[in-house]
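The residues making up each chain are set out below.
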Amino acid sequence: MLTSVERLLFVRGVPIFKELRDDFLVRLASIMEELSFPTRHTIFQQGEEGRSLYIVVKGQVRVHIGQQDIDRLGEGDAFGEMALFDSEPRSASVSTLDDCECLVLTQQQLYEAVDETPGIAVNIIRLLSRRIRELNARISEEEAENRRLTTMLQPPGAAHSLPNLNYAANPAQSGIF
């Protein structure tokens, strides 16, 4: 468990809470619940209803869809933030890689905090935008790698030639139909 001072110092260093006033951070840090999770524990599953944002205090989590890893997050990283805004089912699952401690902010707590300090919404929007950019870059890199591998696996000259099918001008004569 974090002391009040440790909690405040930790929350102050979390990217989505940067640039917020200390008096607001004190209030925010005091209302967040601290939860502990064992190794290989599923914090939430894709498709579940979610209304909480989590911040990793200690340990690491993996964000995944099925067995496909999307990201790994550690100390100071936040996850689950999308559900705070759209109340849609979770878009991915999150599981612990080792023993983890997280701070949890509920949707209701966030809405009250945004009413008091709108800057927190801007910081969360920045976080979401950064994650989308990172995912887009990763997808582009994977697509480029797939194209490179496909080209390497093709026999010489196959990449630019089309098969010679010798079809007759009349499709009925070619035996296709």
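Residues numbered from 1 in each chain as written. Predicted model: local features only at pLDDT ≥ 70, side-chain atom pairs only at ≥ 80, totals over all residues. Heavy atoms only, no water.

Caption draft 1: Broad picture of the side chain of E101. By the element assignment, E101 lies in strand β8 (residues 100-106). With near-sequence residues (within four places) excluded, E101 lies in contact with E34, L35, S36, I55, V56, V57 and K58. (Helix = DSSP H or I, 4+ residues; strand = E, 2+ residues; numbered from the N terminus. Contact = heavy atoms within 4.5 Å.)

Caption draft 2: The arrangement of the packing of aromatic side chains in detail. The tally for this structure, following the rule as stated, stands at 4 aromatic pairs. For the ring pair F37 and Y54, a centre distance of 6.5 Å and an interplane angle of 55° mean the geometry is tilted. Here Y54 lies in strand β3 (residues 52-58) and F37 lies in strand β1 (residues 33-37), a separation of 17 residues in the sequence. Given the relative accessible area of 12%, F37 is considered buried. On the basis of an interplanar angle of 45° and a centroid distance of 5.9 Å, the ring pair of F44 and F79 is categorised as tilted. (Phe/Tyr/Trp six-rings, centres within 6.5 Å; stacked < 30°, edge-to-face > 60°. Buried < 20%, exposed > 50% of the residue type's maximum accessible area, 1.4 Å probe, protein only.)

Caption draft 3: Focus on the side chain of Q107. Looking at the secondary structure, you find Q107 in helix α4 (residues 107-116). Overall, Q107 belongs to the buried group, its relative accessible area being 11%. Excluding anything up to four places from it in sequence, Q107 contacts R51, A83, L84 and S87.

Caption draft 4: Quick look at the confidence of the model for the protein. Looking at the protein, pLDDT values average 83 and 87% of them are 70 or higher. Ranking the helices and strands of the protein by mean pLDDT puts strand β7 (residues 93-96) first, with 98, and helix α3 (residues 81-86) last, with 78. Contacts of residues 170-177 to residues separated by more than four positions or lying in other chains number 7 contacts, the stretch itself having pLDDT below 50. (pLDDT = per-residue confidence, 0-100.)

Caption draft 5: Inspection of the sheet that holds β8 at higher detail. If you trace the 4 strands from one edge of the open sheet to the other, you get β1-β8-β3-β6, paired in antiparallel fashion. One side of each edge strand has no neighbouring strand; the edge strands of this open sheet are β1 and β6 (78-79). Bridge count between β1 and β8: 5 bridges; the pairing is antiparallel. Residue pairing across strands places E33 opposite V104, the latter belonging to β8. (Pairing = 2+ DSSP bridges.)

Caption draft 6: Molecular detail of the pairing of β8. Burial runs high along β8: 6 of the 7 residues are buried. Note that β3 and β8 share 6 bridges and pair antiparallel. Bridge pairing in β8 places V56 opposite C102.

Caption draft 7: Structural context of the pairing of β7. Covered by surrounding structure in β7 are S93 and S95 together with V94 and T96, the residues of both alternating faces. Looking at chain direction, strand β2 (residues 42-44) and β7 are connected through 2 bridges and run antiparallel. Residue pairing across strands places T42 opposite S95, the latter belonging to β7. Alignment of strand β4 (residues 61-65) against β7, held across 4 bridges, turns out to be antiparallel. Among the inter-strand pairings, V63 is bridged to a residue of β7, identified as V94.

Caption draft 8: Quick look at the environment of S36. Considering the arrangement of structural elements, one finds S36 in strand β1. Along the backbone, S36 and V57 are 21 residues apart, and their C-alpha atoms lie at a distance of 9.6 Å. S36 has contacts with C100 and E101, leaving out every residue within four places of it along the chain.

Caption draft 9: Representation of α4 in the model. Within α4 the residues assigned to the buried category are Q107, Q109, L110 and A113. End-on view of α4: buried residues confined to an arc of 155°, all on one side of the axis. What points out from α4, more than 90 degrees from its buried face, is the exposed set Q108 and D115. (Arc of directions from axis to C-beta.)

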